[in-house]
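As a plain string of letters, each chain reads:
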Amino acid sequence: MAGLYIHIPFCHHKCIYCDFYSIAQSFDKSVYVDTLVKEIEHRKDFLKGRLDTIYFGGGTPSLLKVEDVARIFESIHSNFSLNPDNEITFEANPENITKEYIQQLRDLGVNRISLGVQSFNDKDLKLINRSHNSLVARKAIETILENNIENISIDLISNLPYTTLSSWEENLRIFLEYSLPHISCYTLMREEGTMLDRLLKKEKLSLLSEEDALKQLDLTMDILEENGYNHYETSSYAKPGFHSRHNMSYWTFQDYLGIGAGAHSYKEGLRMWNEDDVYSYTERINRGEFFSKEREEILEEKDKYNEYVMLASRMKKGLKDSYVKEKFPQYYSYFSRQISKLVKENFLTQDLTLTTKGWYLQDEMILTLALD
Ligand SMILES: C[S@@+](CC[C@H](N)C(=O)[O-])C[C@H]1O[C@@H](n2cnc3c(N)ncnc32)[C@H](O)[C@@H]1O
Ligand code: SF4
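What you are looking at is a predicted structure, and each value in this text was computed from that prediction instead of being measured. (Residues numbered from 1 in each chain as written. Chains lettered and ligands numbered in written order. Predicted model: local features only at pLDDT ≥ 70, side-chain atom pairs only at ≥ 80, totals over all residues. Heavy atoms only, no water.)

Here's the deal with the overall build of the protein chain
Next up, step 1: Each helix and strand counted, the protein chain has 15 helices and twelve strands in total.
Next up, step 2: Relative to the compact-globule value of 21 Å for 372 residues, the protein chain shows a C-alpha radius of gyration of 21 Å, a close match.
Next up, step 3: Across its three principal axes, the protein chain shows a C-alpha extent of roughly 55 × 50 × 45 Å.
Next up, step 4: The 372 residues of the protein chain split such that 54% are buried.
Next up, step 5: Pairs at least 24 apart in sequence give 71% of the contacts found in the protein chain among residues at least 6 apart.
Next up, step 6: Only carbon and sulfur atoms are counted for the fraction: they give 49% of the accessible area of the protein chain, which is about 17,600 Å².
Next up, step 7: For the protein chain, the centre of its 44 positive side-chain charges and the centre of its 58 negative side-chain charges are spaced 1 Å apart. (Helix = DSSP H or I, 4+ residues; strand = E, 2+ residues; numbered from the N terminus. Rg over C-alpha atoms; globule rule 2.2 N^0.38 Å. Buried < 20%, exposed > 50% of the residue type's maximum accessible area, 1.4 Å probe, protein only. Contact = heavy atoms within 4.5 Å. Areas by Shrake-Rupley, 256 points an atom, 1.4 Å probe, with all protein chains shown as cover. Lys, Arg positive; Asp, Glu negative; His and termini not counted. Charge placed at Lys NZ, Arg CZ, Asp CG, Glu CD.)

Here is the structure:
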């Protein structure tokens, strides 16, 4: 299993909650794509074997012209071979979706779209500074379906400041109308330095109470599970066979190569990353500098164990006693003691799957399992 991630760090403007690396200033995107192509050529030997998954993430990949996406695919095909049963995901914002764009992406090999809807409620969308409204989001879903990409996921954010339990339920009901195979439901996070953070500091907005936030999460799990979606990771729900294979590879320690500004890569305990700055990234790659010890880290055994418990705790069936026994024998007795506590306190069932309390209080669970 090997995955390739391509980061497209451009957005039309910033949403108030978001601290993912992206810029809203104008930047010559074809220069950025030239740079991606150079990086792909130089790092093609990082991964062994065929690519199973490719993920175009952002930022907003759908701001790229289709000709630029085609150049990236050309480079991928000349430098890697692809598993015929591949998953190729493209993140898109609803306002960028047209029939032609979807058909062209599909012809290039894209077979999964992750659509950033965030909410079907116009008051929420306006508050968070999105460029689309609910109608545009619905039309985007319909256009993608009509043009034969059925593997669609949408992102929604619960607990936005104006979201009530009934408007959240309405969001989920609209999603269900389309029978899509996947949804990511994120809980609003307050990230330092974002506009949301500034508005909260100035008391121009307030967050929902923890009680209201938990009610939205509870409702999400109930409605989606009742309708045949498997809650397989903290924020992810899928119909059988439609989990995100690419994201699963991050959560289960498979190797992946990340290309582009801010992208991370991982191989056999070695983590590497590119700088979060599109200007210095393009200058560096165009000077022919592809690697630097400053941007890599070899994980020690304790880091690997901590990373394992952190990632595995996000998954429904993540924590495996036999895995820890085999991979981390030196920490196994500590792990067993902590696991017994978590089972006793009803975070985990006897077969180590997450209980509802475990889903709610994941951070507490991770702290219990991690080593200092
Ligand atoms: C990196 S964004 C890229 C997706 C795409 N640009 C978009 O906005 O539609 C991935 C997803 O993370 C979620 N997200 C980003 N910041 C968040 C925050 N502070 N709290 C909750 N969810 C967040 C949003 O749902 C977003 O769609
Ligand atoms: S949520 Fe998406 S569109 Fe909004 S700023 Fe973040 S990456 Fe850009």
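Considering the domain arrangement of the protein chain
Next up, step 1: The domain boundaries assigned to the protein chain delineate domain 1 (2–249) and domain 2 (301–372).
Next up, step 2: The C-alpha-based centres of domain 1 and domain 2 are spaced at 29 Å.
Next up, step 3: If you look at the interface, domain 1 gives eleven residues, while domain 2 gives seven residues.
Next up, step 4: Of the roughly 850 Å² buried between domain 1 and domain 2 on both sides combined, carbon and sulfur atoms contribute 56%.
Next up, step 5: When the area that domain 1 buries against domain 2 is broken down by residue, the three leading residues are His 231, Glu 233 and Thr 234, summing to 44%.
Next up, step 6: For the pair domain 1 and domain 2, the number of links is six residue pairs in polar contact (both at pLDDT 80 or more).
Next up, step 7: Only helix 8 (210–226) and strand 7 (230–233) provide two or more residues apiece to the side of domain 1 that touches domain 2. (Domains from an automatic or database assignment. Buried area = accessible area lost by both parts, 1.4 Å probe. Polar contact = N/O pair within 3.5 Å; in protein donor to acceptor, adjacent residues only side chain to side chain.)

A short note on the site of ligand 1
Next up, step 1: Taken together, the neighbourhood of ligand 1 is formed by 17 residues, with Gly 59, Asn 93, Gln 118, Arg 130 and Asp 155 sitting nearest.
Next up, step 2: With respect to ligand 1, the backbone of Tyr 17 contributes an N or O atom lying 3.0 Å from a nitrogen atom.
Next up, step 3: Separating an oxygen atom of ligand 1 from a side-chain N or O atom of Asp 155 is a distance of 2.6 Å.
Next up, step 4: Mapped onto the shell around ligand 1, the elements with two or more residues apiece are strand 4 (112–118), strand 5 (152–158) and strand 6 (182–187).
Next up, step 5: In the shell around ligand 1, the residues fall into six nonpolar, seven polar and four charged. (Near = heavy atom within 4 Å. Nonpolar A, V, L, I, M, F, W, Y, C, P; charged D, E, K, R; others polar.)

Considering the packing of aromatic side chains
Next up, step 1: Evaluation of the coordinates by the stated rule reveals 21 aromatic pairs.
Next up, step 2: For the pair Phe 175 and Tyr 229, a centre-to-centre distance of 5.4 Å together with 50° between the ring planes defines the contact as tilted. With Phe 175 in helix 6 (residues 165–177) and Tyr 229 in the loop between helix 8 and strand 7, this pair connects stretches of sequence that are 54 residues apart. For the pair shown, Phe 175 and Tyr 229 are each scored as buried.
Next up, step 3: For the ring pair Tyr 308 and Phe 328, a centre distance of 6.3 Å and an interplane angle of 40° mean the geometry is tilted. Highlighted residues: Tyr 308 in helix 11 (residues 301–312) and Phe 328 in the loop between helix 12 (321–327) and helix 13 (332–344), separated in sequence by 20 residues.
Next up, step 4: Residue Phe 328 is classed as buried on the basis of its relative accessible area, which comes to 4%. (Phe/Tyr/Trp six-rings, centres within 6.5 Å; stacked < 30°, edge-to-face > 60°.)

Digging into the nonpolar core
Proteins that are soluble and globular tend to have nonpolar side chains buried together.
Next up, step 1: Formed by 100 residues in total, the largest nonpolar core has its most connected members in Ile 6, Ile 72, Ile 76, Ile 154, Leu 319 and Leu 348.
Next up, step 2: For Ile 6, the residues in contact, after removing those within four places along its chain, are Leu 36, Ile 40, Tyr 55, Phe 56, Gly 57, Ile 72, Ile 76 and Ile 259.
Next up, step 3: Counting eleven residues, the second-largest nonpolar core is a separate cluster that includes Tyr 17, Leu 127, Leu 160 and Leu 188. (Core = buried A, V, L, I, M, F, W, Y, C linked by side-chain atoms within 4.5 Å.)

Brief notes about the packing of helix 6 against helix 8
Next up, step 1: Two numbers describe how helix 6 lies on helix 8: the axes approach to 10 Å, and their chain directions differ by 25°. Relative to helix 8, the element helix 6 lies roughly parallel. Between helix 6 and helix 8 lies a crossing whose hand is right-handed. Within the contact between the two elements, helix 6 uses Leu 165, Trp 168, Glu 169, Leu 172, Arg 173, Phe 175 and Leu 176 and helix 8 uses Lys 215, Gln 216, Leu 219, Thr 220, Ile 223 and Leu 224.
Next up, step 2: Considering only residue class, the contact of helix 6 with helix 8 consists of eight nonpolar, two polar and three charged. (Axes fitted to C-alpha atoms, helices over the stretch in contact; angles between N-to-C directions. Parallel < 35°, antiparallel > 145°, perpendicular 65-115°, else oblique. Left-handed = near helix turned anticlockwise from the far one by under 90°.)

Remarks on the environment of Ser 179
Next up, step 1: As for its placement among the helices and strands, Ser 179 is situated in the loop between helix 6 and strand 6.
Next up, step 2: Residues Ser 179 and Asn 227, 48 residues apart in the sequence, show an inter-C-alpha distance of 9.4 Å.

Quick word on the packing of helix 1 (residues 29–42) against helix 2 (residues 66–79)
Next up, step 1: Viewed as axis vectors pointing N to C, helix 1 and helix 2 meet at an angle of 5°, and their least axial separation amounts to 10 Å. Considered as vectors, helix 1 and helix 2 are oriented roughly parallel to each other. Contact with helix 1, carried on its side by Lys 29, Ser 30, Val 33, Asp 34, Leu 36, Val 37, Ile 40 and Glu 41, involves Asp 68, Arg 71, Ile 72, Ser 75, Ile 76 and Asn 79 of helix 2 and no other residues of that element.

A closer look at the environment of Trp 273
Next up, step 1: Structurally, Trp 273 can be placed in strand 11 (residues 270–273).
Next up, step 2: C-alpha of Trp 273 to C-alpha of Lys 204: the two residues are 69 residues apart in sequence and 37 Å apart in space.
Next up, step 3: Leave out the neighbours within four places in its chain, and Trp 273 touches Ala 263, His 264, Glu 294, Arg 295, Glu 296 and Glu 297.

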